[in-house]
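Coordinates in review
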Amino acid sequence: MGEGVHAQCKCGYETSCLVGCGFSGGVCYFPAACKSCKKVVEVDLLSDPIACPECGNEKILPYTRKQTIGEPGNATVASWFLGSRDQEEHQLILTDGLYYCPVCEKSDLRFYGGFLWD
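Just so it is clear, the structure is predicted and the values come from calculations on it, not from any experiment. (Residues numbered from 1 in each chain as written. Predicted model: local features only at pLDDT ≥ 70, side-chain atom pairs only at ≥ 80, totals over all residues. Heavy atoms only, no water.)

1. Concerning the overall build of the chain
Per the secondary structure count, the chain includes one helix and 10 strands. Each helix (α) and strand (β) of the chain, taken in turn from the N terminus, gives the series β-β-β-β-β-β-β-α-β-β-β. Looking at the 118 residues of the chain, the share that counts as buried comes to 42%. Residue pairs at least 24 apart in sequence account for 48% of intrachain contacts in the chain once pairs closer than 6 positions are excluded. Approximately 6,600 Å² of the chain is accessible, and the part contributed by carbon and sulfur atoms is 46%. (Helix = DSSP H or I, 4+ residues; strand = E, 2+ residues; numbered from the N terminus. Buried < 20%, exposed > 50% of the residue type's maximum accessible area, 1.4 Å probe, protein only. Contact = heavy atoms within 4.5 Å. Areas by Shrake-Rupley, 256 points an atom, 1.4 Å probe, with all protein chains shown as cover.)

Now the structure itself:
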């Protein structure tokens, strides 16, 4: 069972994304910034290549990357453990901190817990 999150920026941009995988398996969804679409999209981190589902751009920034974090948060909003190779590298975490917004290009985007899905 995965989690759903809401993203909201001070610029007014809002969206929702899935985190993790449901019972079907074979995919691992996580939010990413697409600079081409100027949206937060959910990408499948298990796909090769990882690309924006809207425009196909492969130069997306999953919110697992340090350059997307403007200010680390204190509380975990959503997390997912991907695989068992290297725990630190494969622990996917979104916090209540500030993240890069692809719309206004500032670090004013926050994620909020939302819902469960399967």
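2. Quick word on unusual backbone geometry
Between Asp-48 and Pro-49 the backbone carries a cis peptide bond, its omega angle lying at 5 degrees. Positionally, Pro-49 belongs in the loop between β4 (39-44) and β5 (61-62). Of note in this structure, Lys-38 is not a glycine but carries a positive phi near 60 degrees. With respect to the secondary-structure elements, Lys-38 resides in the loop between β3 (29-34) and β4. Its relative accessible area of 38% is what places Lys-38 among the partly exposed residues. If you check the backbone angles, Glu-105 has positive phi at about 60 degrees while not being a glycine.

3. Considering the sheet that holds β3
In spatial order, the strands read β4-β3-β5; together these three strands make up an open sheet with antiparallel pairing. Every interior strand has two partners, whereas the edge strands, β4 and β5, have only one. In this structure, β3 lies alongside β5, joined through two bridges in antiparallel fashion. Within the sheet, the bridge partner assigned to Ala-32 lies in β5 and is Pro-62. (Pairing = 2+ DSSP bridges.)

4. Points about the pairing of strand β2 (residues 14-19)
Note: strand β1 (residues 2-9) against β2, six bridges, orientation antiparallel. Bridging across to β2, Val-5 finds its partner in Cys-17. What sits between the antiparallel neighbours β1 and β2 is a turn of four residues, in which Gly-12 has the positive phi angle 105 degrees.

5. As for the packing of aromatic side chains
Applying the stated criterion across every chain yields a total of three aromatic pairs. Seen from their ring centres, Tyr-63 and Tyr-99 are 5.7 Å apart, and the 85 degrees between their planes marks the pair as edge-to-face. You can see Tyr-63 sitting in the loop between β5 and β6 (69-71) and its partner Tyr-99 sitting in strand β9 (residues 98-99), a full 36 residues away along the chain. A single burial state applies to Tyr-63 and to Tyr-99, both of which are buried. (Phe/Tyr/Trp six-rings, centres within 6.5 Å; stacked < 30°, edge-to-face > 60°.)

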